[in-house]
Amino acid sequence: MNTKLRRPSVLGENDAHNSEQHRLLGLALDPLTTRHLAGTGVGPGWRCLEVGAGDGGVAAWLARRVAPSGSVLATDIRPVPMPAVEGLEFALHDIVRDPLPEAEFDLVHVRLVLRLLPERLAVLDRLVRALKPGGVLRIDEFDATDAPALSVPDPAAHDLYRAFLDAKAQIMTAGNVDMAWGSKAARAMRRAGLTGVSAHCHYEEWCAGSPGLPPHPAPAGPVPPRRDDRRAAGRGARAARPPRLPRPLLRDLFGPGPAPGGGLMTAPRIDLPAVAPDVYGAMANLTKAASAHLDPLLAELVRIRVSQINGCAFCLRLHTRAALDAGENETRLHELASWRDSTLFTAAERAALALAEAMTSLGPAGVADEVFTAAREHFAETPLAHLLWTIAAINAWNRIGITVFPPK
Ligand SMILES: C[S@@+](CC[C@H](N)C(=O)[O-])C[C@H]1O[C@@H](n2cnc3c(N)ncnc32)[C@H](O)[C@@H]1O
């Protein structure tokens, strides 16, 4: 399958923003998606199609699941730097127009794509035809018609949030996005001839700092001119003004919210994603590429340990949540700071943690030979390289987080 890029998405054309958005969508949604996919019985030998693959996280999960005899075709209208997993193939492909084989797949999965496409019903028919007899189609979608702010610091923040939702709805509707598609999909699947269709609703409160929040502000086209939304929120929203569009990334990622100590994050000293978006995007890409060959749980353990040493509350909160979402055991997280005294960590994890500590608290002697050699004993060359970059990347994020957000 090959195609030219020709259908711009309502989600905008900014690559750095898109890749960060996909990374955060993966962090927020993959645990839920993979839990449901596991329930389909997908396993060795299955042939799967992942449409609109985003950051490729679900496709990679599927590929590991169907190995060694199965395979996964991940498609997207844009190039996606796919994780290197055996049995996983990527094709640039427009699901609306490009040829799609029929009766080919045991499982077709599509998340947050059909709502974007005015031709969603026709695409649904194509996806059904792509299934083998007895195959499974899974659609994960939002119904974004109601997104109440369940807890906000003050009435002005509530008004600002409503104004943001209204503006988002206007943009989405103008871009032909069906905001209510999540509630319509099951009926459409039955109409498309599928049997045994069942729908499950999931409702979750996202607080400041949740990976689920930043992907939300997705202005179509260029980022709007700079405005200080946070100061405006403090003064109260003004009815006469057009709704403000919060900008993506750091402002939202580091927005006010409960810090682990119970206080609030302070306002940033500099709005880095706005001032230097290329660098921010490059860092996001580095972070993703750095851990592509690492076990996700190990990568989170390392990020948490480094953030503990550096004292970055924001990164601790983000990565502790990501670790729990990825299935990490709570007791291990409690004992992580004293892993040397704990029996809960494997020899490979201990080697990785020792390396992370040595690279983070660099003394005049640098990283001792025995620390590096121990890591080498447990990690092949490529994962070891990825471990080194993961440690380096989280150190960079910690230093930025701590510098940009002054202590209260
Ligand atoms: C909101 S993102 C969702 C990404 C991913 N499925 C997830 O849930 O994390 C929508 C994805 O659909 C892709 N997309 C949009 N239109 C498409 C089309 N016509 N054919 C294939 N992919 C498309 C976008 O490039 C983007 O990666």
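Rules used throughout
Residues numbered from 1 in each chain as written. Predicted model: local features only at pLDDT ≥ 70, side-chain atom pairs only at ≥ 80, totals over all residues. Helix = DSSP H or I, 4+ residues; strand = E, 2+ residues; numbered from the N terminus. Expected span 1.5 Å × (residues − 1). Buried ≥ 20, exposed ≤ 12 C-beta atoms within 10 Å, placed from the backbone. Arc of directions from axis to C-beta. Near = placed C-beta within 6 Å. Nonpolar A, V, L, I, M, F, W, Y, C, P; charged D, E, K, R; others polar. Axes fitted to C-alpha atoms, helices over the stretch in contact; angles between N-to-C directions. Left-handed = near helix turned anticlockwise from the far one by under 90°. Contact = placed C-beta atoms within 7 Å. Pairing = 2+ DSSP bridges.

- Going by an unreviewed UniProt entry, the protein chain carries the name Carboxymuconolactone decarboxylase family protein and comes from Actinomadura keratinilytica.

### Description of helix α4 (residues 155-174)
Phase 1 of the analysis: Its 20 residues give α4 an end-to-end C-alpha distance of 29 Å, which sits within 8% of 28 Å, the value for a rise of 1.5 Å per residue.
Phase 2 of the analysis: Where α4 is concerned, the buried positions are Ala157, Leu160, Ala163, Phe164 and Lys168. Burial along α4 is one-sided: seen end-on, the buried residues are contained in an arc of 135°. Exposed residues on α4 whose side chains face more than 90 degrees from its buried face are Pro155, Asp166, Gln170 and Thr173.
Phase 3 of the analysis: Looking one or two residues beyond α4, the residue adopting positive phi is Asn176, at roughly 70°.

### Some details on unusual backbone geometry
Phase 1 of the analysis: With an omega of 0°, the peptide bond running from Ala67 to Pro68 counts as cis.
Phase 2 of the analysis: Of note, Pro68 is situated in the loop between α2 (57-66) and β2 (71-76).
Phase 3 of the analysis: The backbone of Ala103 sits at a positive phi, close to 50°, despite the residue not being glycine.
Phase 4 of the analysis: Its place among the elements puts Ala103 in the loop between β3 (88-92) and β4 (105-111).
Phase 5 of the analysis: A positive phi angle, near 60°, is found at Leu112, a position not held by glycine.
Phase 6 of the analysis: Inspection of the secondary structure puts Leu112 in the loop between β4 and α3 (120-130).

### Re the site of the ligand
Phase 1 of the analysis: Around the ligand there are 20 residues in total, and Leu25, Gly52, Gly54, Ile95 and Arg111 lie nearest to it.
Phase 2 of the analysis: Of all the elements in the fold, those that place two or more residues in the shell around the ligand are α1 (15-38) and β2.
Phase 3 of the analysis: A per-element tally of the shell around the ligand places α1 first, with three residues.
Phase 4 of the analysis: Residues that form the shell around the ligand fall into these classes: nine nonpolar, six polar and five charged.

### Concerning the packing of helix α13 (residues 347-360) against helix α14 (residues 369-378)
Phase 1 of the analysis: Across the interface, α13 lies against α14 with an axial gap of 9 Å and an inter-helix angle of 145°. Seen along the crossing, α13 lies across α14 with a hand that is left-handed. Counting all contacts with α13, which are made through Ala347, Ala348, Ala351, Ala352, Ala354, Leu355 and Ala358, the residues of α14 involved are Val371, Phe372, Ala374, Ala375, Glu377 and His378.

### Comments concerning helix α10 (residues 296-310)
Phase 1 of the analysis: Spanning 15 residues, α10 covers 21 Å between terminal C-alpha atoms, matching the ideal 21 Å at 1.5 Å per step.
Phase 2 of the analysis: Here α10 lies mainly inside the structure; 11 of its 15 residues are buried.
Phase 3 of the analysis: Those residues of α10 that sit buried are Pro296, Leu298, Ala299, Glu300, Leu301, Val302, Arg303, Ile304, Arg305, Val306 and Ser307.
Phase 4 of the analysis: On the buried face of α10, the contacting elements are α11 (313-325), α12 (330-335), α13 and α15 (381-404).

### Comments concerning the sheet that holds β3
Phase 1 of the analysis: The strand order across the open sheet formed by five strands is β3-β2-β1-β4-β5, and the pairing between neighbours is parallel. Each edge of the open sheet is held by one strand with a lone partner, namely β3 and β5 (131-140). Across the sheet, the axes of successive neighbouring strands diverge by a mean angle of 20°, strand direction being ignored.
Phase 2 of the analysis: Both strand β1 (residues 47-51) and β4 contribute to a ladder of four bridges, which runs parallel. In the sheet register, Glu50 faces β4, and the bridge partner there is His109.

### A look at the environment of Ala59
Phase 1 of the analysis: Of note, Ala59 is situated in helix α2.
Phase 2 of the analysis: Residue class for Ala59 comes out buried when judged on the 27 C-beta atoms lying within 10 Å of it.
Phase 3 of the analysis: Between the C-alpha atoms of Ala59 and Leu73, which are 14 residues apart in sequence, the distance is 7.8 Å.
Phase 4 of the analysis: With near-sequence residues (within four places) excluded, Ala59 lies in contact with Glu50, Ala53, Val72, Ala74, Met82 and Leu88.

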